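Summary of the model geometry
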Amino acid sequence: MSVASLRYSRQFNDVDLCYRCTTGLRIVTLAVVELFHFETMTRPKAVKKWESEEIQRRWGYPTRDPYTPVFPRMRPTRAEVLAEKAKERRRNLGLT
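Predicted model, so just to flag it, every value in this text is computed and none were measured.

This next bit is on the overall build of the chain. Per the secondary structure count, the chain includes three helices and zero strands. Reading the chain from its N terminus to its C terminus gives the helix and strand order α-α-α.

Next comes the structure, spelled out in structure tokens:
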């Protein structure tokens, strides 16, 4: 698998790589390896609207990261709040 995608050469290339790795492949970690990711060190920090729309079109709106622990006082993500509201609306309409 190619690490870099020309589709996301400026923004979200790390996000795209992580999602591509989870589609049928295993993620292997090595405790002795260190990786440094210097976000926006060589490019502008601004994200263009089309860039965020493109990554969401390809992978959807992100839900909770499976590698981030859920702490008891952690606020729900926007996706979790919207999913819960949709579930409640379906219940109120008698659809579930």
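Moving on from the model shown.
This part is about the side chain of Asp16. Here Asp16 is to be found in helix H1 (residues 13-21). Within the structure, the side chain of Asp16 is placed 3.1 Å from the side chain of Arg58, a separation counted as a polar contact. Within the local environment of Asp16, its side chain forms a polar contact with the side chain of Trp59, the two groups lying 2.9 Å apart.

A few words on a nonpolar patch on the surface. The grouping of Val28, Leu30, Val32 and Val33 at the surface amounts to a nonpolar patch, some 440 Å² of accessible area in total. Examined against the element boundaries, Val33 turns out to sit in the loop between H1 and helix H2 (49-59).

When pLDDT is averaged along the chain, the result is 77; 78% of the residues meet or exceed 70. For the chain, H1 is the element with the lowest average pLDDT, namely 80, and helix H3 (residues 78-92) is the one with the highest, namely 88.

Below, the discussion takes up the packing of aromatic side chains. Tallied over the entire structure, the rule returns one aromatic pair. With 5.2 Å between their ring centres and 15° between their planes, Tyr19 and Trp59 make a pair best called stacked. Of this pair, Tyr19 sits in helix H1 while Trp59 is found in helix H2, placing the two residues 40 residues apart along the sequence.

Relative placement of two packed helices is described by the angle separating their axes and the distance separating the axes. Following both chains from N to C, one finds H1 and H2 inclined at 5°, their axes separated by 11 Å at the closest point. Compared by their axis directions, H1 and H2 come out roughly parallel. Every residue of H2 that contacts H1 at Val15, Asp16, Tyr19 and Arg20 is listed here: Ile55, Arg58 and Trp59. Looking at the contact of H1 with H2 residue by residue, the classes come out as four nonpolar, no polar and three charged.

Conventions used here
- Residues numbered from 1 in each chain as written.
- Predicted model: local features only at pLDDT ≥ 70, side-chain atom pairs only at ≥ 80, totals over all residues.
- Heavy atoms only, no water.
- Helix = DSSP H or I, 4+ residues; strand = E, 2+ residues; numbered from the N terminus.
- Polar contact = N/O pair within 3.5 Å; in protein donor to acceptor, adjacent residues only side chain to side chain.
- Patch = residues over 30% accessible without salt bridge, like charges linked within 9 Å, V, L, I, M, F, W, Y side chains within 5 Å.
- Areas by Shrake-Rupley, 256 points an atom, 1.4 Å probe, with all protein chains shown as cover.
- Salt bridge = Lys/Arg side-chain N within 4 Å of Asp/Glu carboxyl O.
- pLDDT = per-residue confidence, 0-100.
- Phe/Tyr/Trp six-rings, centres within 6.5 Å; stacked < 30°, edge-to-face > 60°.
- Axes fitted to C-alpha atoms, helices over the stretch in contact; angles between N-to-C directions.
- Parallel < 35°, antiparallel > 145°, perpendicular 65-115°, else oblique.
- Contact = heavy atoms within 4.5 Å.
- Nonpolar A, V, L, I, M, F, W, Y, C, P; charged D, E, K, R; others polar.

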